[in-house]
Amino acid sequence: MKFTLSWLKDHLDTDASLDTISETLTAIGLEVEGIEDRSAIYAPFKVAEVLTAEQHPDADRLKVLTVNTGEEQLQVVCGAPNAKAGMKGIFAPVGSYIPGLETELKKGVIRGVESHGMMVSEREMNLSDEHTGIIELAQDTDYALGTPMADIFGLNDPVIDIALTPNRGDCAGIRGIARDLAAAGLGTLKPLNTDKIDSQFDTPVGVELKLPEGAKEACPLFVGRMVKGVKNGPSPRWMQDRLKAVGLRPISALVDITNYVSLDLCRPLHVFDADSLKGNIHVRLSEKGETLEALNDKTYTLDDGMIAICDDSGVLGLGGIVGGVPSSCTENTTNVIIESAYFDPMRIAKTGRTLSIDSDARYRFERGIDPVFTIEAMEIATRLVQELCGGEAGSVVITGSVPAWERSIDFDPAYTKKLSGMDVSATVQKTILETLGFNVEGNGPFSVTPPSWRPDIEGRADLVEEIVRIHGYDKLDPLSMKKDSTITHSGETENMTRIRKSRTVLAARGMNECVTWSFLSKAVAEKFGANDDDQATAQLTLQNPLSSEMDYMRPSLLPNLIEALKRNEARGFDNNALFEIGPAFKSSKPEGQPIVICGVRSSAIGTRHWSTKETTRPVDALDAKADAIAALDAAGAPTANLQITRDAPDWYHPGRSGALRLGKNILATFGDLHPATLEVLDVNFPVTGFEIYLNNIPGQRKKKNSTTRPPLKLSAFQPVNRDFAFIVDEGVAVDDLLRAAQNTDKQLISNVEIFDIYQGKGVEEGKKSVALNVTLQPIEKTLTDEELEAFSRKIVDTIASRTGGQLRG
């Protein structure tokens, strides 16, 4: 948001210096991003007189001028057709920086004639696009030689640029900024003239709101007024200077008035050429396929549900965003309809993003403007039109009503101390709020009604913020964070410890951490568990998305990580391995936003090198399983007790995926991504991945007496290995055999491993042979042969009873 110092002082009665105003703006939350002192930029350029203008001896289009700067007479070579003796213009000396050319002017020799400076054009000074001739000051102006150019063209007014947070739409108008400064003690807010303009006739153009039930909020209030007999010429110099100072190009008086009021009072307006209208104006929702030839020189194809301002011929403009060419004002316009309306911020934002239209009106409407000021703004706009363009004002046509905005907040002044730590008296708090436009009743507790221009104020915390920022954050007493006593335990939560350790392990396994968007498209979300039929997940659709491809909260971290993989693959990077730790969104409730550790791999694993026979190999589901178990182990999960089941979600390949669980509690899922899933994401290479649900990991048991590890117990007896081969149904999970063997005697059996799985000749069809190696670790004595035989039979019997497996002959 840009404005000039003199423009601010139109609303603020103050003697404060520019530095004081700048410091105060930043202190109250309106951060100053920069101050442009244009008088310093244009300081070298001053009024000079052309004494003589002779033809260049070697160039038909050049002239040799003798220029009197007031201090000396210099020879200047000039190619402007309007250069002549006796004229006054703007002279640029050697060594000055020409902003329009972005170059430093040097002494030169042009076709054999020396030139000591130049007479400049408006484009060379960045005043306009005019460059057919040099600046020629009017003959009736009596500017002394050496008068600074900045004084003539209104360039001695500093331009202040502030950064606005999205909630401060009221400060998208200069009056709102002045109001905040007045509340901060930097002067008083000047009264605004909203006196009614007498109407000379009845406005013949009516306005009708043709909005369906359920969409009345799109445009609850539309105010129109005709002014006839206007003359639409250039706006006055003061208005043009202010608009150009903040980066707007003056167009005509009528258009400049609407831009000026928008910046001045945060009240976007529009002006129609009344003679171009066909019938009355009506506001409705657009239909898919309608077109608009807009004032920004583009033609837009509209979608359903956009706010369209229409007449009998069709769409005239998009309410709150941009007007159309057919009804626009030209130099021939004599009768106008002024529009001052209120539009729904959400619809404005959605339409602007859908059509990629960035306009000053959209910027203000989507942040929320003052609905009450809609009618008063019509009087201000009418007055400006009459002052600058003449004409007679018709009656004000009001359709609809001001939408409900009043809300009362119960506020105890003691809450300011409790929430902010700042001690501000109740009297001062009341004064600050009233100066900002709040209605405050009572002496504490207060009943506070926010003003109509502050839709962002919703509760007590917002009131505290207003009080504290105006009172001054610098008045908050510093509080030492030094702690005299020793901290005997970690400041980390259990989940933070798990995240830190998992992150370290995954990085050590060659994976790179990513941070991706928490949003994705609804079409992709549906492939990862989103369901609009479920009320909990239906609430995850964003009302105000960044783009159409980011309109849904992610139900899984996998899609965005896979997109990152795809970008890396497209740039020629292989051996991609990425992970991310963050929330997934299963519902809008807090418990529906679990913290997930997600990782993906693509392409190949391994390296090619002359010193080793090892080569690269494609990634597979077992790589994802190894990553998941390593991260779970680092997070403190009891990985030795994990069960592996085949019930991975649908986005994994059904034959190459699984879930890691403890009983009914799923800790992780892993596997190759389903080809259909990859097709939706437009991925043409294999991807494997895993998802760890951090909240499902059981908590660590706290030890009562000691935080040290238990002592290491080593057996003095030699371990014994026994091999078994079992014939089982091919549908039996190998993990079931491992658990059955391990559970035969958890103290004596130290390890069970699979070393062979076979199907083929010698094994009945529908069966498979699974070979186990069981390690027995005696603790109290060496086992005898009889004990080993008895224990072996026990293993065989246990596996037979639990899995149906028979010892292979």
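That block above? That's the structure.
Everything numeric in this text was worked out from a predicted model, so none of it was measured.

A. Examining the pairing of strand 4 (residues 46-55) more closely. Sheet topology places strand 4 next to strand 7 (residues 88-92); four bridges connect them, and they run antiparallel. When the sheet's bridge partners are listed, E49 is paired in strand 7 with K88. Alignment of strand 4 against strand 5 (residues 63-68), held across six bridges, turns out to be antiparallel. The residue bridging T52 from the neighbouring strand is T66, located in strand 5.

B. A look at helix 18 (residues 621-634). With 14 residues, helix 18 should cover 20 Å at 1.5 Å per step; its first-to-last C-alpha distance of 20 Å lies within 8% of that length. Within helix 18, the full set of buried residues consists of A621, D623, A624, D627, A628, A630, A631, L632 and A634. Between the side-chain oxygen of the N-cap and the backbone nitrogen of L622 there are 3.0 Å, and the N-cap of helix 18 in question is D620. A positive phi of about 90° marks G636, the residue just after helix 18.

C. Highlighting helix 20 (residues 734-742). Along helix 20, the positions that sit buried rather than exposed are V734, D735, L737, A740 and A741. Lining the buried residues of helix 20 we find strand 36 (643-645), strand 40 (720-729), strand 41 (749-758), strand 42 (767-776) and helix 21 (785-803).

D. A look at the pairing of strand 5. Across six bridges, the pairing between strand 5 and strand 6 (residues 73-78) is antiparallel. If you follow V67 over to strand 6, its bridge partner there is L74. Joining the antiparallel neighbours strand 5 and strand 6 is a turn of four residues, in which G70 adopts a positive phi near 100°.

E. Expanded view of the nonpolar core. By size, the foremost hydrophobic cluster in this structure holds 110 residues, and its most contacted members are L25, I162, I177, L181, I281 and L318. In terms of residues, this core owes the most to one element, helix 10 (residues 373-389), which gives eight residues. The contacts of L318, once residues within four sequence positions are left out, are L292, L302, M306, I307, T351, L355 and I357. Counting 31 residues, the second-largest nonpolar core is a separate cluster that includes L520, L561, V596 and Y652.

F. Spotlight on the environment of L557. Note that L557 resides in the loop between strand 31 (552-553) and helix 17 (558-570). For the pair L557 and V596, spaced 39 residues apart in sequence, the C-alpha separation works out to 7.6 Å. Not counting chain neighbours up to four residues away, the residues in contact with L557 comprise E580, I581, G582, P583, A584, V596 and C598.

G. Highlighting the environment of L662. You can see L662 is positioned in strand 37 (residues 652-662). Taking C-alpha positions, L662 is 5.5 Å from L642, a pair spaced 20 residues apart along the chain. Those residues in contact with L662 that sit more than four places away from it in its chain are P638, N641, L642, Q643, L667 and P698.

Criteria and thresholds
Residues numbered from 1 in each chain as written. Predicted model: local features only at pLDDT ≥ 70, side-chain atom pairs only at ≥ 80, totals over all residues. Heavy atoms only, no water. Pairing = 2+ DSSP bridges. Helix = DSSP H or I, 4+ residues; strand = E, 2+ residues; numbered from the N terminus. Expected span 1.5 Å × (residues − 1). Buried < 20%, exposed > 50% of the residue type's maximum accessible area, 1.4 Å probe, protein only. Polar contact = N/O pair within 3.5 Å; in protein donor to acceptor, adjacent residues only side chain to side chain. Contact = heavy atoms within 4.5 Å. Core = buried A, V, L, I, M, F, W, Y, C linked by side-chain atoms within 4.5 Å.

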